[in-house]
Each structure stands twice: as C-alpha cells, then as structure tokens.
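Results of the structural survey
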Amino acid sequence: MNRRIIYPLLIVPLLLGLLGPWSAQGAFVQCPGDVDMDGVSDDPNIQCIHLAGADGFARMADGYSQYMLGFGLVDPSTLETEVVANYTLKSWCPAPLIVVKEGHELYLTMTNVGMAVRTDLFDPHSIHWHGFPHAAPIFDGLPEPSPTAVMGASFTYAYFAAQPGNYFYHCHVEASEHMQMGMIGPLWVTPAQDDLPNGTVLAGGFVHHTGYTYAYNDGDGSTYYDVGYPVQLTGFDSNFHDASETIQPLPFAAMKDNYPMINGRGYPYNINTFDPDAMPADPNAIVNKEGFISQRYHSLIQAAAGDKILLRVSNVSTTDIWAITTTLGVPMKIVGRGAELLRGETGIDTSYEVQVLNVGGGQAYDVIVDTAGVEPGTYFLHTTNLNFMCNNQEERGGLITEIVISPLI
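Residues numbered from 1 in each chain as written. Predicted model: local features only at pLDDT ≥ 70, side-chain atom pairs only at ≥ 80, totals over all residues. Heavy atoms only, no water.

**Observations concerning the state of the cysteines**
How we decide: In plain terms, two cysteine sulfur atoms within 2.5 Å form what is called a disulfide here. Each helix is a run of DSSP H or I of at least 4 residues and each strand a run of E of at least 2, with the numbering of both proceeding from the N terminus. The cut-offs for exposure are 20% and 50% of the maximum accessible area for each residue type, with area from a 1.4 Å probe on protein chains only; residues under the lower value are buried, those over the upper are exposed, and the others partly exposed.
Enumeration according to the criterion identifies one disulfide in this entry. What pairs with Cys-31 in a disulfide is Cys-48, and their sulfur atoms sit 2.1 Å apart. Residues Cys-31 and Cys-48 are joined by a disulfide whose S-S torsion is about 95°; by sign, that bridge is right-handed. Of the two residues, Cys-31 sits in the loop between helix H2 (21-25) and strand E1 (46-59) while Cys-48 sits in strand E1, which places them 17 residues apart along the sequence. Of the two residues, Cys-31 and Cys-48, both sit in the buried class. Note on Cys-171: no disulfide assigned, nearest cysteine sulfur contributed by Cys-93 at a separation of 15 Å.

**Observations regarding the side chain of Asp-237**
Here is the rule we go by: In what follows, residue pairs with any heavy atoms lying within 4.5 Å of each other are defined as contacts.
Its location among the elements puts Asp-237 in the loop between strand E11 (227-236) and helix H5 (238-245). For Asp-237, the contacting residues outside a window of four places in its chain are Gln-180, Ala-254, Met-255, Lys-256, Asp-257 and Asn-258.

**Points about the sheet that holds strand E24 (residues 400-406)**
Let me state the cut-off plainly: Strands qualify as paired when DSSP identifies two bridges or more between them. Axes here refer to lines fitted to C-alpha atoms; in helices the fit is confined to the stretch in contact. Angles between the N-to-C directions go from 0 to 180 degrees.
Here we have five strands laid out as an open sheet, ordered E13-E24-E21-E15-E19, and mixed in their pairing. The open sheet has two free edges, formed respectively by strand E13 (301-304) and strand E19 (357-359), since each of these has just one partner strand. Each neighbouring strand pair of the sheet contributes to a mean axis angle of 20°, computed without reference to strand direction. Here six bridges tie strand E21 (residues 377-383) to E24, and the two strands are oriented antiparallel to one another. Within the sheet, the bridge partner assigned to Thr-378 lies in E24 and is Val-404.

**Brief notes about the nonpolar core**
Defined as follows: The set of buried Ala, Val, Leu, Ile, Met, Phe, Trp, Tyr and Cys residues whose side-chain atoms join them within 4.5 Å is what this entry labels a nonpolar core.
Among the nonpolar cores identified, the biggest contains 35 residues, and Phe-71, Leu-108 and Ile-127 are the most heavily contacted of them. Listed in part, the 30 residues of the second largest apolar core include Leu-233, Ile-301, Ala-305 and Leu-311.

**Re the sheet that holds strand E3 (residues 98-101)**
Strand order in this open sheet of four strands is E3-E8-E7-E5, and the pairing throughout is mixed. Of all strands in the sheet, those with a lone pairing partner are E3 and strand E5 (128-130), marking the two edges. The mean inter-strand angle of the sheet, taken between neighbouring strand axes irrespective of direction, is 25°. As paired strands, E5 and strand E7 (residues 165-170) are joined by three bridges and run antiparallel to one another. Counterpart to His-130 in the pairing with E7 is Phe-168.

**Things to note about the packing of aromatic side chains**
Worth spelling out the cut-off: Note on ring pairs: Phe, Tyr and Trp rings are taken, using the six-membered ring of Trp, and paired if centres are within 6.5 Å. Classes follow the plane angle, with under 30 degrees stacked, over 60 edge-to-face and the rest tilted. Throughout this description, the term charge over a ring refers to an Arg CZ or Lys NZ atom that lies within 6 Å of the ring centre and within 35 degrees of the ring normal.
A full pass over the atoms with the stated rule returns 19 aromatic pairs. Arranged with centres 6.1 Å apart and planes meeting at 40°, the rings of Phe-71 and Tyr-169 form a pair that is tilted. Here Phe-71 is found in strand E2 (residues 65-73), whereas its partner Tyr-169 is found in strand E7, with 98 residues between them in sequence. For the pair shown, Phe-71 and Tyr-169 are each scored as buried. Each member of the aromatic cluster is reached from another via a ring pair, and the members are Trp-129, Phe-132, Phe-139, Phe-155, Tyr-157, Tyr-159 and Tyr-167. The positively charged end of Arg-312 is found above the aromatic ring belonging to Trp-188, 4.7 Å away from the centroid.

**Structural notes on a negative patch on the surface**
Filter applied, for reference: Like-charged residues within 9 Å of one another, or nonpolar side chains (Val, Leu, Ile, Met, Phe, Trp, Tyr) within 5 Å, are grouped into patches, provided each residue has over 30% relative accessible area and no salt bridge. Surface exposure here means Shrake-Rupley accessible area, sampled with a 1.4 Å probe, where a residue is shielded only by the protein chains that are shown. Take a side-chain nitrogen of Lys or Arg and a carboxyl oxygen of Asp or Glu: if they are within 4 Å of each other, that pair is a salt bridge. This count recognises Lys and Arg as positive and Asp and Glu as negative, with His and chain-terminal groups excluded. Every charge is mapped onto a representative atom, which is NZ of Lys, CZ of Arg, CG of Asp or CD of Glu.
Negative charge collects at one region of the surface, where Asp-36, Asp-38, Asp-42 and Asp-43 lie side by side. Within the fold, Asp-42 resides in the loop between H2 and E1.

**Description of the pairing of strand E14 (residues 308-315)**
Along E14, seven of the eight residues are buried, which leaves the element largely enclosed by surrounding structure. Where E11 lies against E14, seven bridges are found, and the strand directions are parallel. What sits directly across from Gln-232, in E14, is Ser-314. Relative to strand E20 (residues 364-370), E14 runs antiparallel, the two sharing seven bridges. By the bridge assignment for E20, Ile-309 is matched with Val-369.

**Some remarks on the pattern of salt bridges**
One pass over the structure, following the stated rule, counts six salt bridges. One salt bridge in this structure joins Asp-195 and Lys-101, with 3.7 Å as the shortest N-O distance. In this pair, Asp-195 sits in the loop between strand E8 (184-190) and strand E9 (213-214) while Lys-101 sits in strand E3, placing the two residues 94 residues apart along the sequence. Salt-bridge contacts for Asp-120 lead to Arg-118; the nearest nitrogen and oxygen are separated by 2.8 Å. Residue classification places Asp-120 among the partly exposed positions, given a relative accessible area of 38%. Under the relative-accessibility criterion, Arg-118 is labelled buried at 7%.

**Examining the environment of Leu-202**
Checked against the element boundaries, Leu-202 lands in the loop between E8 and E9. The exposure class assigned to Leu-202 is buried, which follows from its relative accessible area of 11%. Between the C-alpha atoms of Leu-202 and Glu-394, which are 192 residues apart in sequence, the distance is 50 Å. Apart from residues lying up to four places away in sequence, Leu-202 is in contact with Gln-193, Leu-196, Tyr-214, Gly-219, Asp-220 and Gly-221.

**Considerations on H5**
For H5, the buried fraction is high: six of the eight residues fall into the buried class. Taken together, the buried positions of H5 are occupied by Ser-238, Phe-240, His-241, Ala-243, Ser-244 and Glu-245. Just downstream of H5 lies Ile-247, where phi reads positive at about 60°.

And the structure:
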C-alpha cells in the first residue's frame, strides 16, 4: 500500500490516543435556546455555529498539494464525542463563511481537534473577529487577554451583531503563522434595512420592497445591490507550508506568497462552480489528497445586465498589498471600508469611485459595480500586480476571476 495512503490511516488513531480522555469526553457546545438539543437554537434571534480547528490539505490551481491549517464546519447533528474523530483533517480553505443578521446574537463554538499531520505540536487556537467593535476582551481571541482552546478543548464565543458590514475572522494564536497557514474566513453582518416593511419609502424617494438587499443601513437605498459575492484575497507561500508539513524551521523572514488566490483558489480553479454538497458527488469537484472537498467557494461573479453587484473585498494576506480592477469599463463605487458606511459626521455621502482599488493586509471594502450599460459577455476582475497573476510558475492564474454578464430576461 502506498505510504501516502497509510499515513492518514495511522495518524488519526494516534491523535485520538494523544488526546486521551479529552477526545472521549467530546466537544462542549453552548447554544442558548436550543430546546430540542439538535444543535440549532429555537430562538430566531440566536445563531449557533460550531467550527473545528484542524489541519488538512488544499489543491493549488497547478495541481500542487499544499498542507494547511484551517477551520471546518461541524454539522450540528454530530455527537459531541465524535467531533474529534470526524473532523480531523477536515479544514476548509477559506474557513466557512459566517453570515449574521444585525441585532442577532452569535454563539460560535470552536473545538480544537488537533493537527493530525503534526502530532509533535500542541498549538492552541482561537477566533478573532477582525474589526468587531464591541467584543469583550474574553471573547476577542487574542491569546494574551483571552482563553484559547488547547487540543481536545472547546470554547464558545458570544457576540451581539450590533453593526452591519464586511468582516473576517482568524486564529490569533501565533497569528502570522496560523493566518499564513489558512486559518481565516469571511464574516458578514447584514443590515436591519433588509427587513423593512414592503413599500417603505426611504430618503430621496427610494422605495424598499421585500427581498431588497443593502450593504448598510444607508437610509436612502444607495447601497442597494442585486447580487453579492465575496472577494477574499489571500496567498500561500509553498515553502513555508512545506516546511511546516515536513517539520523544518519555518522561514518567517523569507515568507513570500507564490500561490495568490481569491476565496481559497487560484484562477482558473476559482471559476469551477461545482456543488460541494452534491449527492452523488459532483464529478467536477476539486478534492484534496485525502479525497475531501476543502476549497468549497468559487469566485465566478454572475449578474444580469443592469444589475448592481456588491463585492465584499478583503485582503487577508500576511505578505502583500494588492490592487484589483475590472475590464467592465465602469468604475467601482466604494461604499464601505472597515465595516463602516462611508458617511461624514453630518451624514454627507463620502463614497467614491475608483478604477483600481488598493487593498492592504487586514483591510476590507464594500464595492458596488453598476452594470447598467455594460454589454452581456465575459469580463475579468484581476490584480494589477502582474507578478501575482500566476500559480507559482504557471502564468495566467492566481488573482484573476471572471465576471459573466448575461442578457436581461
């Protein structure tokens, strides 16, 4: 039997042995309002999510298998005693998208299921909601003032989603290492304005209808959009990841991303719209070396002519500032930055239009693209940093995706 096949069969029992009584005791999930104990709160204003901090693998767009760390989504029906066994090597790239309504409570449990490939390490993990303005220190995820979950342990973070916007979350333990390794995911808080009564008239005469969506509580419909997409910019340094897998000193000072990606995949892998939950399995699915679908989010942007597209852009790279543009021939309107609606103290609209958007590490923008007047066809969203339009040595990859505008029916 091939050594690569034997390896995972051996390391999971080994990890369970190392965890000993912790794995037998199981995860500890707190979900207020869960009357029927199905892992889902029966209070409509409470959302419970369970993540597993783990290691795993991703497949780069040139076919290279990359070791990584990440968070995986735990099915609420999973028995607490089975979380470690079932979610080892099940990390996602990027971590699961979390969407919460403004005014709702989020109880986010993270269970550290250990690193099956690196059984010599006992790293704790945490969740840091980047940019969240009201977090109590105990729930902030910084290892200095906050608890962190060691192997086999769980910790539940409690948040009140008071402010809509485009955020992301990541592990803050050994942050540069764990973020480079992939422990990052998108997080959005949708505005209360989405749920206004049908026919509500906003400032300027804009009429809200049921089903309308906005980036923020703008009061005038100026952040209305028809379709929204994540554009999470990141990258892997294969030398850093390989050194981590093979137990070598980590080259922090030489960290340099050579696999730039949007939503965890380089182009053209990122326009593959396979269904990760299809049964039977989608034959076009991108699977890693363990046969697991770790890269679940595509980046193909689709809209009808005349639609307004909301792009929730963030740069979570640990090494680079990136600039993006489109070939649509229309400007990008920046309506939000750092989960804040762009308005002055007097309420004056400070949104602005650009042809090229520079996004630094840790920054997030809400971008609306109005396709009115754009002819149906296929266009591109790409970086203007030409050296990042690649998958390592393979050209015409990396930070590129397609925008498909279909005729209005």
